[in-house]
Structure formats: C-alpha cells, structure tokens
Amino acid sequence: MALPHTHRSIRLAARPDGLPTPEHFTVAEAPLPNPAAGEALIRNRYFRVSASLRMMISGGVRDVDGVPFPVVRPGETPFEETIGEVVTAPEGSGLLPGDLVTHWHGWREYAAVPAAQCTPLDGTLPDPVAHLSHAWTAYAALRWGAEVRPRDTVFVSGATGAIGSMAGQLARLLGAARVIGSTGSQQKADRLVAELGYDSAVLRGARPIAEQLAEVAPEGIDVLFDNVGGDQLRAAVAAARNGARFALVGALSGQLAPDGTGTSAPVQLDSFQLLLKRLVLRGFSADDVPAAERARWPEKFAAWLRSGDLYFPHTRVTGIERAPQALCEVIEGRHLGTVVVEL
Ligand SMILES: NC(=O)c1ccc[n+]([C@@H]2O[C@H](COP(=O)([O-])OP(=O)(O)OC[C@H]3O[C@@H](n4cnc5c(N)ncnc54)[C@H](OP(=O)(O)O)[C@@H]3O)[C@@H](O)[C@H]2O)c1
C-alpha cells in the first residue's frame, strides 16, 4: 500500500480552565513520522477515549506524585491505548508489516513507536477492539483489590464507564449474589440492569446515595468497587457490613469536577465507622498484579466473550476529527462502556 505524505493528529490547542470543550483541540496535518533507530512505523486503526485524559490536559498531573501519565501541553498530542498495524519495523524486532499491535501513541493516524513498546496481538480475542476494553482492570480489582467472594453484595460506583461496565458482569461471574451500580441518568440505570448484569442502580445527583443504597441493599454491602470517590465513597462506608472490602480504583468525582485540575478528590470519612466495621480500604492499580496472572487473562477473557457470559459494551466513533467531541461526550456521560475512535 502506498503511504500518504502527511497524516492527521489531534493537538491540544489551549489548556482548559475547567472541563474541556472541542474548541480546546485542533486537527493538525503534518508529514508522516520518520521512525528513528529501534522504532516501528504504525498505522493506527483504533484508540480509546477516556475521561481521565482531563487530568493530563489540565496540567494538574505535573504536581501530583504517582500519576502514571505525563502532562499534555498545548501543541502536544494526547496519548491513549491504541491498536495499529505495523507498516515498517526494525530488523530483529519480531514485528512484521501487517501485524496488529497495541501501544500508547493514540490520537494520531500514524505513529513512530519504539518497537519494544509495541505489544503484538495474537488473535486470542474474537474482536481485536476488545483489547481496548478495561476488562482486565475490572477483573484485577475485583479479584485482588476487593477479593470478591461468592454471595457478596457488590457496589460499583461509576458503573457505566469503561471499567464499571465490565465490573458488574465480572462480579457476577466471580459469584457475587447481588450487584449494584451507580450512574448519572435513569436511562443508563435501566441499561445497567437490562444489559450489564446489575440487579439495581442508584443515581448520582438525585437523592443522597446513602439513602438509595439503604433501599436497594438493606442488609449492607460487602464490597465497594470505587471508580468515583467523594460522596459515593462516604455512602458506601455507611452501607458497609462488618469486614467489607473497598477497592479504590478511580476518583471520577474529582477528575471530572468542573473546578480545579481533576487531580484531587477530597472526601470526609467517619474514621470511627471504618474502625468499628473493620473496613479494608485498598488503593488499587491493575499494574500491581503479578505478570503471570496478567498473562493468563486473555485466554479467560476470550473464553467468556465467546461463551457470551461477558460482553464488551462499546461505541465506535469514526474519524480522528471526531475524537475531541467524543472525549467531551464521555465526560458528559453520554455513552455507556468504552468509547473507541476508529480511523
Ligand atoms: N486503578 C487502575 O488500574 C485504573 C486503570 C484505568 C483507569 N482508572 C480510573 O478508573 C476510573 C474509571 O475509568 P473509566 O475509564 O471507566 O471511566 P470513563 O469510562 O472515562 O468514565 C466516564 C463516566 O464517568 C461518569 N461521570 C461523569 N462525571 C462524573 C462525576 N462528576 N462523578 C462521577 N462520575 C462521573 C459518567 O458516567 P455516568 O453518567 O453513568 O455517571 C461517564 O460516562 C477513572 O478514575 C480512571 O482514571 C484506574
């Protein structure tokens, strides 16, 4: 296939003061990247769009130790997990033209990527796009973060997002007796129950979450899978049974707050309750799980996808120029599951 001379990428035009709008981005046309020694030239096919990018473009991550992503400055292209096709590869890298790989140089049509940072896809999953799901993060947090057990009652905050939409289904597969999710709209609450294995849903922005949780889980919860923090974390403490386990996976209440830079999610908890109920709160990153466990995941995921026990809810948006709008829609909560830009 003849290569074009130029390609398009999205660049941050200006740092948003608050939440981003599509005007904070531009579509830039530039010569095709020229791979340096050790780099492969990749034609990108799909990249994920995640609300947490807000932290990187706000500049806030610069000031917070431990955030595993760099700041994105005006003029720079955001990054995100991506699936692309190898066009050229360095000799001895093991990559061949036509191979599909994952890497993190998204938001652009072509990328020069160090070959060592490209992970080849081996066709294990029935649809390669499922490699952009957050099913692994969800499974890892349930299994090693919250240590979900059969008959648990599990509350997933942020249940319709890329992670939460997999977490409810996976909690069920791990034996949970009852799974409750939170979301921002009644329409998505209905879909949590109809499509994603949830028994019931609570609505943020409506009545207090603690009040709603007391109604749908009168016996209390054993597990919190927390994507949100803030009021929902406090409500989960009130609803917790003795010995409940909380996996703190995300902090969307702070990351998507209109004020600030999205890098802090303060909440006041009653430490007396934490003590009396012997609660376990564990900050969790999927990167903490031993590599051997991670290596076993694709087979398990593929089997569940093929059997229909698990489904990968996602929306495909076509065209790189639509990525900024897609990001804003994810932040506004207009989608369910993972959002992927198809090139
Ligand atoms: N620990 C790890 O290993 C790990 C790995 C990756 C990501 N993360 C973190 O996990 C969290 C979830 O990631 P994700 O990719 O699933 O998110 P996502 O899909 O990008 O989440 C978007 C959803 O957030 C909800 N939302 C919007 N504003 C909100 C607000 N003010 N408060 C609460 N929810 C709001 C909306 O859903 P509704 O309208 O339905 O509420 C929206 O659809 C993030 O904090 C992310 O940084 C953790």
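Placed above this text is the structure.
Residues numbered from 1 in each chain as written. Predicted model: local features only at pLDDT ≥ 70, side-chain atom pairs only at ≥ 80, totals over all residues. Heavy atoms only, no water.

Novice: Just give me the short version of the packing of aromatic side chains, but keep the residues and values in it.
Specialist: With the rule as written, the count across this model stands at twelve aromatic pairs. The structure contains a cluster of three or more aromatic residues connected by ring pairs, namely W136, Y139, W144, W297, F301 and W304. The lysine or arginine in question, R143, covers the ring of W144, its NZ or CZ lying 4.6 Å from the ring centre. (Phe/Tyr/Trp six-rings, centres within 6.5 Å; stacked < 30°, edge-to-face > 60°. Lys NZ or Arg CZ within 6 Å of the ring centre and 35° of its normal.)

Novice: Any chance you could break down the site of the ligand for me, citing the residues and the numbers?
Specialist: Near the ligand there are 29 residues, and of these T160, I163, T183, Q255 and F284 occur at the shortest range. At a separation of 2.5 Å, an oxygen atom of the ligand approaches a polar side-chain atom of T183. Between the ligand and A251, the relevant distance is 3.2 Å, taken from an oxygen atom to a main-chain nitrogen or oxygen of the residue. With the chains in place, 86% of the 940 Å² that the ligand exposes on its own is no longer accessible. Sorting the residues of the shell around the ligand by element identifies helix 7 (252–255) and helix 10 (323–332) as the ones contributing at least two each. Examining the composition of the shell around the ligand, we find that three residues originate from one element, helix 7, more than from any other. (Near = heavy atom within 4 Å. Polar contact = N/O pair within 3.5 Å; in protein donor to acceptor, adjacent residues only side chain to side chain. Areas by Shrake-Rupley, 256 points an atom, 1.4 Å probe, with all protein chains shown as cover. Helix = DSSP H or I, 4+ residues; strand = E, 2+ residues; numbered from the N terminus.)

Novice: Tell me what's going on with the nonpolar core, and back it up with residues and numbers.
Specialist: Core analysis: the largest hydrophobic core is formed by 44 residues, its most contacted members being V156, M166, L170, F225, W297 and F301. If you list the elements that add at least two residues to this core, you get helix 2 (135–145), strand 8 (153–157), helix 3 (164–173), strand 11 (221–226) and helix 9 (291–307). Per element, the largest residue contribution to this core is seven residues, and it comes from helix 2. With 23 residues, the next largest nonpolar core counts F47, M55, I57 and V72 among its residues. (Core = buried A, V, L, I, M, F, W, Y, C linked by side-chain atoms within 4.5 Å. Buried < 20%, exposed > 50% of the residue type's maximum accessible area, 1.4 Å probe, protein only.)

Novice: Mind laying out the environment of H314, listing which residues take part and the relevant values?
Specialist: Mapping H314 onto the fold places it in strand 14 (residues 314–318). Sequence spacing of H314 and A130 is 184 residues, and the spatial spacing of their C-alpha atoms is 9.0 Å. Among residues more than four places away in sequence, those in contact with H314 are V129, L336 and T338. Reaching out from H314, the side chain makes a polar contact with the backbone oxygen of F312 at a distance of 2.9 Å. Separated by 3.1 Å, the side chains of H314 and R316 make a polar contact. (Contact = heavy atoms within 4.5 Å.)

Novice: Residues and numbers for the pattern of salt bridges, please.
Specialist: Counted according to the given criterion, the structure contains 19 salt bridges. Linking R191 and E195 is a salt bridge whose minimum nitrogen-to-oxygen distance equals 2.8 Å. Taken together, the residues R191 and E195, both in helix 4 (residues 186–195) and four residues apart, mark about one turn of the helix. For R191, a relative accessible area of 30% translates into the label partly exposed. (Salt bridge = Lys/Arg side-chain N within 4 Å of Asp/Glu carboxyl O.)

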